Amino acid sequence: MRQLSGLTKVMFGVVGVLLVLTLVLAVATAVSDNKKAKNTDTKNNTSQTEQGVNVDDKKPTEEPSPTPTTAPTDTPVPTPSPTPAFTIAIDPGKQAGGGSKSVNSLSNEVELNLEVAVMLKEKLESYGFAVHLTRDNNDDNTSNTDRALLSVQAGADIIISLQTDSVGYESAHGIYVQTPGSGYEKYNESNILANLMQPKLIHATEAYDRGIQEAKEAGKLPIIEKTLLPGVIVRMGYMSNPEEDALLHTVEYQSKITDAICDAIIIYFNNAE
């Protein structure tokens, strides 16, 4: 019995040692696992920090708002210009090489008449009239009859011929308007136009008033009569008079003449409506 009791004590002692060793081993293992876990977290955090990403603070990137688009604006349709109510035929009198000569050796009548006609055309167009020039260069040899017919084809409502005069002495001067004779189909309308135009011309230029001169015979003014339209010839002055010739070659005097003609034409059509 004493021997058994001694053996038992030895066995209990061995078991106790084994239990202590097992407990120590378990504690050591737990400590080791805990260290490994901490090292893993530290590595992960360090890697994310190096990449510039803070996991806790990261927020999803917001989609940019679309830029509002403006509805396309329709290109405005230009308002069409009104069709001119009336067409004026302007005849720069004379053909190439003909007409009066400047006493002051300035441009001759063919050139001067066209110069004034172009100025008159521009002014009439600015008032809304359509304009037909019977010639547009100084080499034109078209006859008066053909010019008249071309004016009709252009749809002219009236015709104005611009001319000057020249005589064998220097004292003659002044402005006058010529009309066809009483047998002309548009005699009355032509006289209305002449009676509007002559006083306007004298008032604007302060030239000597030579009045309205009516053709004594039919066919004397073919540029008017062949059109069968209301019309007049404006005799702007005498190129044989040194003073008047000099005036006729100035823009200021030409502007006074063309302004007066425009005024008369506008009044004529206003009264006709």
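First, a word on what this report is: a plain description of the structure on this page. (Residues numbered from 1 in each chain as written. Predicted model: local features only at pLDDT ≥ 70, side-chain atom pairs only at ≥ 80, totals over all residues. Heavy atoms only, no water.)

Turning to the overall build of the protein, a few remarks are in order. When helices and strands are counted, the protein shows seven helices and six strands. Reading the secondary structure of the protein in the N-to-C direction produces α-β-α-β-α-β-β-α-β-α-β-α-α. When burial is assessed residue by residue, the protein has 34% of its 273 residues classed as buried. Nonlocal contacts in the protein, meaning residues at least 24 apart in sequence, comprise 80% of its contacts between residues at least 6 apart. Carbon together with sulfur atoms contributes 55% to the accessible area of the protein, which is approximately 17,000 Å² in total. (Helix = DSSP H or I, 4+ residues; strand = E, 2+ residues; numbered from the N terminus. Buried < 20%, exposed > 50% of the residue type's maximum accessible area, 1.4 Å probe, protein only. Contact = heavy atoms within 4.5 Å. Areas by Shrake-Rupley, 256 points an atom, 1.4 Å probe, with all protein chains shown as cover.)

What follows concerns the packing of helix α4 (residues 187-205) against helix α7 (residues 251-272). Axes are the key here: two packed helices are described by the angle between their axes and the distance separating the axes. Running from amino to carboxyl end, α4 crosses α7 at an angle of 145 degrees, the nearest separation of the two axes being 8 Å. Classified by chirality, the crossing of α7 by α4 is right-handed. Residue-level inspection shows Glu189, Ile192, Leu193, Leu196, Met197, Lys200, Leu201, Ala204 and Thr205 of α4 in contact with α7, the latter providing Tyr253, Lys256, Ile257, Ala260, Ile261, Asp263, Ala264, Ile265, Ile267 and Tyr268. Here the contact of α4 with α7 is composed, by residue class, of 14 nonpolar, one polar and four charged. (Axes fitted to C-alpha atoms, helices over the stretch in contact; angles between N-to-C directions. Left-handed = near helix turned anticlockwise from the far one by under 90°. Nonpolar A, V, L, I, M, F, W, Y, C, P; charged D, E, K, R; others polar.)

Okay, unusual backbone geometry next. The phi angle at Lys94 is positive, at roughly 85 degrees, despite the residue not being glycine. One can find Lys94 in the loop between β1 (87-92) and α2 (109-126). Assessed through its relative accessible area of 27%, Lys94 is described here as partly exposed. Within the chain, Glu206 stands out as a residue other than glycine whose phi angle is a positive 60 degrees. Topologically, Glu206 is positioned in the loop between α4 and β5 (209-214).

Another point: the environment of Gln198. Within the element layout of this structure, Gln198 appears in helix α4. Setting aside residues no more than four positions away along its own chain, Gln198 makes contact with Ile175, Tyr176, Val177, Asp209, Arg210, Gly211 and Ile212. At 3.1 Å, the side chain of Gln198 forms a polar contact with the backbone oxygen of Ile175. In this structure the side chain of Gln198 is engaged in a polar contact, spanning 2.7 Å, whose partner is the side chain of Asp209. (Polar contact = N/O pair within 3.5 Å; in protein donor to acceptor, adjacent residues only side chain to side chain.)

When β1 meets strand β2 (residues 130-133), the two strands line up parallel, connected through four bridges. The residue of β2 that forms the bridge with Ala89 is His132. Between the parallel elements β1 and β2, the chain passes through α2 in a crossover that is right-handed. (Pairing = 2+ DSSP bridges. Right-handed = clockwise from strand over helix to strand, strands pointing away.)

Below, the discussion takes up the pairing of β1. Among the six residues that make up β1, six are buried, leaving the element largely enclosed by the rest of the structure. Bridge count for β1 against strand β3 (residues 158-165) is five bridges, and the pairing is parallel. From the neighbouring strand, Ile90 faces β3, where its bridge partner is Ile160.

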